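Structural overview
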Amino acid sequence: MINICVNGKDIQAKDGMTVDGLIAHLKADVKYAAVELNLQILDRASYGSVKLKEGDKVEIILPVGGGAANALVIVESPAKAKTIEKFLGKGFMVRSSMGHVIDLPMRKMGVDIENNFQPSYVVIAKKKKLLSELKAEAKDKDTIYIATDPDREGEAIGWHLAAHLGKNKKVKRVVFHEITKKAILEAFDNPLEIDTKLVNAQQARRVIDRIVGYSLSPLLWKKLTRGLSAGRVQSIAVKLIVDREREIQAFVPQEYWEIEAELKKHKDKKSFFAQLERIDANKAEVKDKISADTILSELQGAKYKVKDVKQAEKKLNPQAPFTTSKMQQESFNKLHFRAGKTMKIAQQLYEGIDIGKEGTVGLITYMRTDSVKVAFSAIEEARFYIKDKFGAEYLPPSANEYKSKKAAQEAHEAIRPSSVAREPESIKEYLSQDQYRLYKLIWAKFVASQMKPAIMSVVSVDIEAIPSSGGVGKYLFRASGSTVVFAGFKAAYDIEEEGEDKDKKKAYLPKLDVGEALDLIKIDPTQHFTKPPPRYTDASLVKALEEDGIGRPSTYAPTIETVVARYYVRREGSALWPTELGTVVNDLLTKSFPVIIDEEFTAKMEEELDDIEEGKVEWAQALKDFYGPFSQWLSKAQVEMKEVKKDVEELDEVCEKCGRKMIVKWGRRGKFKSCSGFPECKNAKPMVTTGLKCPEPGCDGELVERRSRRGAFYGCSRFPTCRHVENKPKPTEQT
């Protein structure tokens, strides 16, 4: 007998067994099977002559259930199709749908509210040719494998494709969370059926969002201008940003002072810092300069002595591997990637990168997930790696376990490397700089999650200031410091957390003894003012949406990109600011639909969708429960809308073309000046210019900021007469 490995499993075979004999031993009809022996694809004609030997590694790509491998496999993206086709070999044609092929119509609601909210699906205009090609390729295939993404959207895409392509054919659903050879082969060996509960959850979300959008948008058109739109999740995002801006504007800063002493030991050249902590046993609160000056005068000539030294060990536990939202937050904070950029790069890492001899392989698991669950095999691989790389002292006795939030889809895994063995440095040459940085972050987070806690030694020293005039015990300063006793998980993932003190000079603290006298170098009083809450960034907005239960992993990045593209929100550096348009739209919706534009209501809707996915609620019933109260709010708003007239604001400016008054109008990019004689006179211009002259010869226009889907740019105020555009205006050309 010899020992060989077949499809990742060790088995025993008869000495001298041929590949044909092995296939027969597996008792499967493998007419179209592809066989790989020691990483080399075998010619089918050689199956009967090639003999197996000790230690051979055989991969046999078997069609599901022994059925015909004359199959069409449909995935969502071309990159994924290329990677998967390499693993499956001959007999499998892999094609991509490029996302949704069938959807609700663009020009109408497409939902029959009176008939149990039945959606009217149509083929997306741009996908008609693609669907025809898929139909032609499916025509002579025995089996169709739906291999779309393992989430609600992917299930719905597959459901639509199966309905259009699967007549009189076997349709199988294959689900995998990483694009590696082992995962792909296991998925095709264990096919599933389309999960109608997932499909219904997606349909319910789509229908609700369509009803909300088609109901709210006319309100905006009536009050402002046509072309504006509103959405369930994006409106909450805008509301959060508008509410935060109002908090900031209403904030009244309060003055306070900090008093810091720079001290050192006798005969020690290196100093350390201590903060005034207490005055007369009360917390030090120095509210103005007069109080600070009084304290400084009392401390003139004071002596400093160590009153107490406390030392304790602090344990820092590793965190769970990434969920989508945590990856987006940490990627923003550590790598300065926006949420959309993070997801784009993660998609590339998931779908496959050519890494040399190993070929194209998916480097991470599926990147849209709210679960922290990890496959047992991945945990075992990580534990083996940790013991080998860092030593047994870094490995906990048993695997670390993490608990997902209540609504997490436990069928998914956390985001992790598909193999810990692919160290970031070992594949760096095959990755772009951004791909490498994000992969390293994901890889290190996962490895650290299976390591022991870090142990820190934390020292706190109370220092008494004894004024020359007496008053012993009145002023107490405190210095603190920490040192690493045992690195634990930080040996793999030692990235400073947001808010950590990065001033290494002030982190120094020498060994001090109770009663020890200290030398004062200087006392430094500094004035401060309390700060308003910070404006949202991509990271903090994602965190807020997640904490409020708004949206799901697949919605965070597109939601942010949508509100920016619609100019409801603008970016300045890393901060998200509401535009005037976004503020007006938010106020209109909040007034007319206070419940819809409410975090608690929207979070409850997400829970309903989860219940549909779990089979606890019928999707049509959930829609009825939603539409009942919604229709009442809608009727009330429609009555109010009949009384609404667009505000007309006249300007002290006349139209240079016809002499009539200029007025303020709203457009999809905010306010602009328009001739009151429209449509007879179509003169229009921006409200505010940059004050910079258009550089085109003979043009008397000025540069104004404009926006497109690609972001901000600067164009001439005389557009379309002058079509000058540039990315950054030159400040030297002022008018």
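Residues numbered from 1 in each chain as written. Predicted model: local features only at pLDDT ≥ 70, side-chain atom pairs only at ≥ 80, totals over all residues. Heavy atoms only, no water.

Considering the overall build of the protein
Within the protein one finds 18 helices and 31 strands. Overall, the C-alpha framework of the protein stretches about 100 × 85 × 60 Å when taken along its three principal axes. The long-range share in the protein, meaning contacts at least 24 apart out of those at least 6 apart in sequence, stands at 69%. Carbon and sulfur atoms make up 51% of the accessible area of the protein, which amounts to about 37800 Å² in all. (Helix = DSSP H or I, 4+ residues; strand = E, 2+ residues; numbered from the N terminus. Contact = heavy atoms within 4.5 Å. Areas by Shrake-Rupley, 256 points an atom, 1.4 Å probe, with all protein chains shown as cover.)

Some thoughts on the side chain of N683
On the secondary structure map, N683 appears in the loop between β27 (670-675) and β28 (684-686). Judged by its relative accessible area of 6%, N683 is buried. In this structure the side chain of N683 is engaged in a polar contact, spanning 3.5 Å, whose partner is the side chain of E656. What N683 contacts, discounting residues up to four positions off in sequence, is C655, E656, K657, M662, K673, S674 and C675. (Buried < 20%, exposed > 50% of the residue type's maximum accessible area, 1.4 Å probe, protein only. Polar contact = N/O pair within 3.5 Å; in protein donor to acceptor, adjacent residues only side chain to side chain.)

So, the pattern of salt bridges
Applying the stated criterion across every chain, the model contains 38 salt bridges. One salt bridge connects K80 with D149, and the closest N-O pair in it is separated by 2.3 Å. Separated by 69 residues along the polypeptide, K80 in helix α2 (residues 78-88) and D149 in the loop between β12 (143-146) and α4 (152-165) bring together distant segments of the chain. Exposure remark for K80: the relative accessible area of 1% places this residue in the buried category. What makes D149 buried here is its relative accessible area of 5%. Salt bridges sharing partners connect three or more residues here, namely R152, R552, D610 and E613. (Salt bridge = Lys/Arg side-chain N within 4 Å of Asp/Glu carboxyl O.)

A word on the sheet that holds strand β6 (residues 71-75)
Pairing in this open sheet of four strands is parallel, and the strands run β7-β6-β12-β13 from one edge to the other. Lying at the two open borders of the sheet, with one neighbouring strand each, are β7 (92-96) and β13 (170-173). Each adjacent strand pair in this sheet contributes to an overall mean axis angle of 20°, direction not counted. Against the sheet, α2 makes contact with β6 and β7, and its axis sits at roughly 170° relative to β7, the strand it touches most. Across the sheet, helix α3 (residues 128-138) lies against β6, β7 and β12, angled at about 170° from β7, the strand it touches most. (Pairing = 2+ DSSP bridges. Axes fitted to C-alpha atoms, helices over the stretch in contact; angles between N-to-C directions.)

Some points on the state of the cysteines
Under the counting rule described, the total for this entry stands at zero disulfides. C658 supplies the cysteine sulfur nearest to C675, a cysteine that is in no disulfide, at a spacing of 3.4 Å. We classify C675 as buried; its relative accessible area is 1%. C694 supplies the cysteine sulfur nearest to C722, a cysteine that is in no disulfide, at a spacing of 3.7 Å. By relative accessible area, C722 is classed as buried at 9%. (Disulfide = S-S within 2.5 Å.)

Some details on the nonpolar core
Core analysis: the biggest nonpolar cluster contains 121 residues, and L438 and F626 have the highest contact counts within it. At ten residues, the largest contribution of residues to this core is made by helix α12 (residues 433-449). (Core = buried A, V, L, I, M, F, W, Y, C linked by side-chain atoms within 4.5 Å.)

Quick notes on the environment of F322
Positionally, F322 belongs in the loop between β17 (303-316) and α9 (324-335). Sequence separation between F322 and I442 is 120 residues, and the spatial gap between their C-alpha atoms is 7.1 Å. Ignoring anything within four residues of it in the chain, the contact list for F322 reads M327, E330, S371, A414, I415, L441, I442, K445 and Y493.

Some details on the environment of Y402
On the secondary structure map, Y402 appears in the loop between α11 (376-389) and α12. Taking the C-alpha atoms as reference, Y402 lies 21 Å from A392; in sequence the two are ten residues apart. With residues near it in sequence (within four places) discarded, Y402 still touches P318, Q319, A320, P321, V372, S449 and Q450. There is a polar contact of 3.5 Å between the side chain of Y402 and the backbone oxygen of Q319.

Topic: the packing of α11 against α12
Where α11 contacts α12, the two axes come as close as 9 Å, and the packing angle between them is 85°. Classified by the angle their axes make, α11 and α12 are roughly perpendicular. Contacts between α11 and α12 involve A378, A382, Y385 and I386 from the former and W443, F446 and V447 from the latter. A per-class count over the contact of α11 with α12 returns seven nonpolar, no polar and no charged. (Parallel < 35°, antiparallel > 145°, perpendicular 65-115°, else oblique. Nonpolar A, V, L, I, M, F, W, Y, C, P; charged D, E, K, R; others polar.)

Quick word on the packing of aromatic side chains
Applying the stated rule across the entire model yields 13 aromatic pairs. Consider the rings of Y394 and F486, whose centres lie 4.8 Å apart with planes at 35°: the pair is tilted. Residue Y394 is found in the loop between α11 and α12, and its partner F486 is found in strand β21 (residues 475-486); the two are separated by 92 residues along the sequence. With 6.1 Å between their ring centres and 45° between their planes, Y627 and F630 make a pair best called tilted. One end of the pair is Y627 and the other is F630, both in helix α18 (residues 619-642) and three residues apart, which spans about a single turn. This pair shows no difference in class: Y627 is buried, exactly as F630 is. Positioned above the aromatic ring of Y436 is the side chain of K428, whose terminal nitrogen or guanidinium carbon lies 4.6 Å from the ring centre. Of note, R535 hangs over the ring of W577, and the distance from its end group to the ring centre comes to 3.5 Å. (Phe/Tyr/Trp six-rings, centres within 6.5 Å; stacked < 30°, edge-to-face > 60°. Lys NZ or Arg CZ within 6 Å of the ring centre and 35° of its normal.)

Overview of unusual backbone geometry
The bulk of non-glycine residues show a negative phi, and the bulk of peptide bonds are trans. Look at the link from F678 to P679: it is a cis peptide, with omega at 15°. Relative to the assigned elements, P679 resides in the loop between β27 and β28. The residue D280 is not glycine, and still its phi comes out positive at about 55°. When you line up the elements, D280 lands in the loop between β15 (272-279) and β16 (282-283). Residue D280 is classed as partly exposed on the basis of its relative accessible area of 45%.

Focus: the environment of K452
As for its position among the elements, K452 is in the loop between α12 and β20 (454-466). For K452, a relative accessible area of 28% corresponds to the partly exposed category. When the C-alpha atoms of K452 and K490 are compared, they prove to be 9.2 Å apart, with 38 residues separating the residues in sequence. Excluding anything up to four places from it in sequence, K452 contacts P318, E393, Y394, L395, P396, F486, G488 and F489. Looking at K452, its side chain comes within polar contact range of the main-chain oxygen of E393, at 3.5 Å.

Points about the pairing of strand β14 (residues 255-265)
With eight of eleven residues buried, β14 is to be regarded as a mostly interior element. Bridge analysis of β14 against strand β22 (residues 517-529) gives eleven bridges, and the strand direction is antiparallel. Along β22, the bridge assignment pairs A261 with I523. Bridging between β14 and β15 involves four bridges; their strand directions are antiparallel.

Comments concerning the packing of α4 against helix α6 (residues 196-223)
Taken N-terminus to C-terminus, the directions of α4 and α6 make an angle of 100°; their axes are 8 Å apart at the nearest point. The angle between α4 and α6 falls in the class roughly perpendicular. Contacts from R152, E153, E155, A156 and W159 in α4 reach L198, V199, A201, Q202, Q203 and R205 in α6. Tallied by class, the residues present in the contact of α4 with α6 amount to five nonpolar, two polar and four charged.

So, the confidence of the model for the protein
On average, residues of the protein carry a pLDDT of 86, and 91% of them reach 70 or more. For the protein, per-element mean pLDDT is lowest for helix α13 (residues 504-507), which scores 60, and highest for α12, which scores 97. Every residue in residues 62-68 scores below 50 in pLDDT, and together they form 16 contacts with partners more than four places removed in sequence or on other chains. Here residues 497-502 is a poorly scored stretch, pLDDT under 50, and it has four contacts once near neighbours within four places are set aside; other chains count. (pLDDT = per-residue confidence, 0-100.)

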